Amino acid sequence: MMLLKNRKSWHIAENQVTPERLYLSRRQIMQGFGLGLGAALAGPLFRAGAAYALPNFGIAKKTNYAGDEELNSYKDITSYNNFYEFGVEKSDPAKYAHALITDPWPVEVTGHAERTGTYSLEDLIDFNALEERIYRLRCVEAWSMVIPWVGVPLAGILKKFEPTSKAKFVRFETLANRAQMPGLRSRVLDWPYREGLRMDEAMHPLAFMAVGLYGKPLLGQNGAPMRLVVPWKYGFKSIKSIVSINFVENQPQTSWEMQNPSWYGFYSNVNPNVSRQRWSQGRERRIGDFFKRKTLMFNGYGDQVASLYAGMDLAKYF
Ligand code: MTE
């Protein structure tokens with residue numbers, strides 16, 4: 001097992017106060033992350049009425065990628081979820097995901113890379129370089145939310161492992177633990193939940209690995225302790241509670257594609273002109289809104305990502 005960065009050095013950077021503090025557990029550190037929010041409640045508000053202030057705890061940069069669209073509430077984001085490992089109802093993840101044990105969180109890195117092995121969350125995520133990014137999340141079920149994520153660019157994580165030229169795709173898997181995840185008893189999907197990206201998509205600057213939202217560490221229902229956020233793709237590409245990263249040569253199979261290949265393709269870019277699933281994709285309901293709104297090509301991120309798909313027939317590669 002090789003560590004890119006040991007726990008101690010991360011803690012030193014985080015707490016330069018007393019020697020004892022060098023040995024705080026991540027749970028304690030993450031509690032501090034939450035407390036940082038409380039301490040900063042006097043900070044600037046994003047918009048009138050939003051009970052939201054930016055914590056200074058380790059957030060190096062903040063970017064709004066959703067224009068003047070209103071943020072969804074913390075309550076909406078943490079109580080209306082898809083996380084089938086905890087059940088198929090929108091309320092199931094919030095009900096059951098507190099059973100998820102996220103510390104320690106070993107992640108297996110395998111495949112075509114110079115460095116592979118088992119790594120800790122702290123090896124993967126630089127908690128001193130967290131960014132906040134406000135992204136739209138568009139679910140294939142034709143609803144959407146605007147979420148202030150906290151995390152790091154996915155590219156930075158993947159580059160640490162020095163993928164080789166044979167790595168054309170990257171594959172991710174979610175934890176599949178029957179004792180913690182009651183939804184695994186259902187065969188609605190072939191577990192573990194798995195997803196994948198083409199390497200250039202994964203390295204795109206908008207692809208993000210989130211560890212928090214609204215300035216707090218992720219709750220289980222949102223995919224603690226780390227989940228992908230790929231804002232130009234349908235929400236199901238944003239795989240939660242990742243325990244495996246695998247650099248592969250061939251396009252990997254994904255859980256939803258395996259479940260229904262005529263509905264769910266590998267790319268799953270948000271595309272209002274292509275409705276292969278049972279939902280029409282031309283419009284969407286922003287959670288909290290009464291009226292539907294038009295769905296934007298690539299979820300509104302076309303200027304940044306369209307070039308990834310230049311020359312591809314997006315009706316064929318859906
Ligand atoms: N990841 C896992 N492991 N299991 C899931 O069921 N659901 C996906 C995605 N990631 C899912 C998952 C779907 S369909 C959506 S829309 C988003 O998570 C929802 O993310 P949120 O609940 O944080 O809004």
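Summary of the structure given here.

Right, let's get into empty space enclosed by the protein. Counting across every chain of the model gives one cavity of 30 Å³ or more. Lining the largest cavity are 13 residues, and of these Y234, S268, N269, N271 and F318 lie nearest its centre. When the residues that make up the lining of the largest cavity are grouped by side-chain class, the tally is seven nonpolar, five polar and one charged.

Take the site of the ligand next. Taken together, 16 residues lie around the ligand, and N81, Y84, E85, R227 and K240 are the ones closest in. A distance of 3.2 Å separates a nitrogen atom of the ligand from a polar atom in the backbone of N82. The side chain of T174 places a nitrogen or oxygen atom 2.9 Å from a nitrogen atom of the ligand. Look at the ligand: alone it shows 540 Å² of surface, and the protein chains cover 98% of it.

Once that is clear, we can look at the packing of aromatic side chains. Applying the stated rule across the entire model yields 19 aromatic pairs. Pairing F236 with W256 gives two aromatic rings, centres 6.3 Å apart and planes at 55 degrees, and the pair type is tilted. Highlighted residues: F236 in the loop between strand 10 (227–229) and strand 11 (242–248) and W256 in helix 8 (residues 255–259), separated in sequence by 20 residues. For the pair F236 and W256, one class covers both residues: buried.

This part covers the nonpolar core. In terms of nonpolar packing, the biggest core is built from 85 residues, with I125, W149, W232, I245 and F247 touching the most fellow members. Ranked by residues supplied to this core, first place goes to strand 5 (residues 143–153) with seven residues. The contacts of W149, once residues within four sequence positions are left out, are E131, E132, R133, Y135, L137, F208, A210, G212, L213, L218, R227 and V229.

Looking at the secondary structure, you find D92 in helix 4 (residues 92–96). Taking the relative accessible area as the measure of exposure, D92 reaches 11% and is therefore buried. Setting aside its immediate chain neighbours within four residues, D92 contacts F86, G87 and A97.

What follows deals with the sheet that holds strand 3 (residues 117–119). If you trace the five strands from one edge of the open sheet to the other, you get 3-2-11-6-7, paired in mixed fashion. Both edges of this open sheet fall to strand 3 and strand 7 (194–198), since each of them pairs with a single strand only. Between one strand axis and the next, the sheet turns through 20 degrees on average, direction left out of account. Bridging between strand 6 (residues 169–174) and strand 11 involves six bridges; their strand directions are antiparallel. Each residue of the ladder has a partner; that of F172, found in strand 11, is I245.

Scanning the model with the defined rule gives 15 salt bridges in all. In this structure, E69 engages R286 in a salt bridge whose closest nitrogen and oxygen atoms are separated by 3.0 Å. With E69 in the loop between strand 1 (59–64) and helix 3 (74–79) and R286 in strand 12 (residues 283–286), the pair connects residues that are 217 residues apart, well separated along the chain. Assessed through its relative accessible area of 22%, E69 is described here as partly exposed. The class of R286 is buried, set by a relative accessible area of 4%. When the shortest N-O distance is used, the salt bridge between K90 and E141 registers 3.2 Å. Residue K90 is located in the loop between helix 3 and helix 4, and its partner E141 is located in the loop between strand 4 (130–138) and strand 5; the two are separated by 51 residues in the primary sequence. Given the relative accessible area of 18%, K90 is considered buried. Sharing partners across several salt bridges, the network here consists of E69, R136, R138, E284, R286, D289 and R293.

Most of strand 5 is tucked away, with ten of its eleven residues classed as buried. Here strand 4 runs beside strand 5; their pairing, made up of eight bridges, is antiparallel. Within strand 5, the residue paired with R138 across the bridge is S144. Strand direction decides the pairing type here: strand 5 and strand 12, joined by two bridges, are parallel. Pairing of W143 across the sheet is with R285, part of strand 12. Both strand 5 and strand 8 (residues 208–213) contribute to a ladder of five bridges, which runs antiparallel. Note that in strand 8 the partner of G151 across the bridge is A210.

On the surface, R283, R285, K292 and K294 cluster together to form a positively charged patch. Position of K294 relative to the elements: it lies in strand 13 (residues 293–294).

Rules of the game
- What you see as residue numbers is a count from 1 along each chain, following the sequence as written.
- At least 70 in pLDDT is required for a residue's local features to be given in this predicted model, at least 80 for side-chain atom pairs to be given and counted, and no such filter applies to totals for whole chains, interfaces and linings, which use all residues.
- No hydrogens and no water enter the side-chain calculation; it runs on all heavy atoms of the structure.
- A 1.4 Å probe that fits into a set of points on a 1 Å grid over the protein atoms alone but cannot get out defines a cavity; an open set with protein on both sides within 12 Å along at least five of seven lines defines a pocket, and lining residues are those with an atom within 4 Å of a point.
- Grid points are joined across faces, edges and corners, and a volume is the space filled by probe spheres set on the points.
- Residues are grouped as follows: Ala, Val, Leu, Ile, Met, Phe, Trp, Tyr, Cys and Pro are nonpolar; Asp, Glu, Lys and Arg are charged; every other residue, Gly included, is polar.
- Nearness here has a simple test: a residue counts as near a molecule or strand if at least one of its heavy atoms is within 4 Å of that partner.
- As used in this structure description, the phrase polar contact means that two N or O atoms lie within 3.5 Å; if the pair is within protein, one of them must be able to donate a hydrogen and the other to accept it, and residues adjacent in sequence are counted only when both atoms belong to side chains.
- Accessible areas in this description were obtained via Shrake-Rupley with a 1.4 Å probe; residue shielding takes into account the shown protein chains only.
- Between rings of Phe, Tyr and Trp, where Trp is taken as its six-membered ring, a pair exists when centres lie within 6.5 Å; planes separated by under 30 degrees are stacked, by over 60 edge-to-face, and by other angles tilted.
- Helical segments are the DSSP runs of H or I of at least four residues, strand segments are the runs of E of at least two, and each set is numbered from the N terminus.
- Burial classes: relative accessible area under 20% of the type maximum marks a residue as buried, over 50% as exposed, and values in between as partly exposed (1.4 Å probe, protein chains only).
- Residue types Ala, Val, Leu, Ile, Met, Phe, Trp, Tyr and Cys, when buried and joined through side-chain atoms within 4.5 Å, form a set referred to as a nonpolar core.
- Working rule for contacts: check all heavy atoms of both residues, and any pair within 4.5 Å makes them a contact.
- Two strands pair if DSSP finds at least two bridges between them.
- Axes here mean lines fitted to C-alpha atoms, for a helix over just the part in contact, with angles spanning 0 to 180 degrees between N-to-C directions.
- Salt bridge, as applied in this entry: a Lys or Arg side-chain nitrogen positioned within 4 Å of an Asp or Glu carboxyl oxygen.
- Excluding any residue in a salt bridge, patches collect residues exceeding 30% relative accessible area, merging like charges within 9 Å and nonpolar Val, Leu, Ile, Met, Phe, Trp and Tyr side chains within 5 Å.
- A positive count includes Lys and Arg, and a negative count includes Asp and Glu. His and the chain ends are not counted in either.
- For this purpose, a charge sits on NZ of Lys, CZ of Arg, CG of Asp or CD of Glu.

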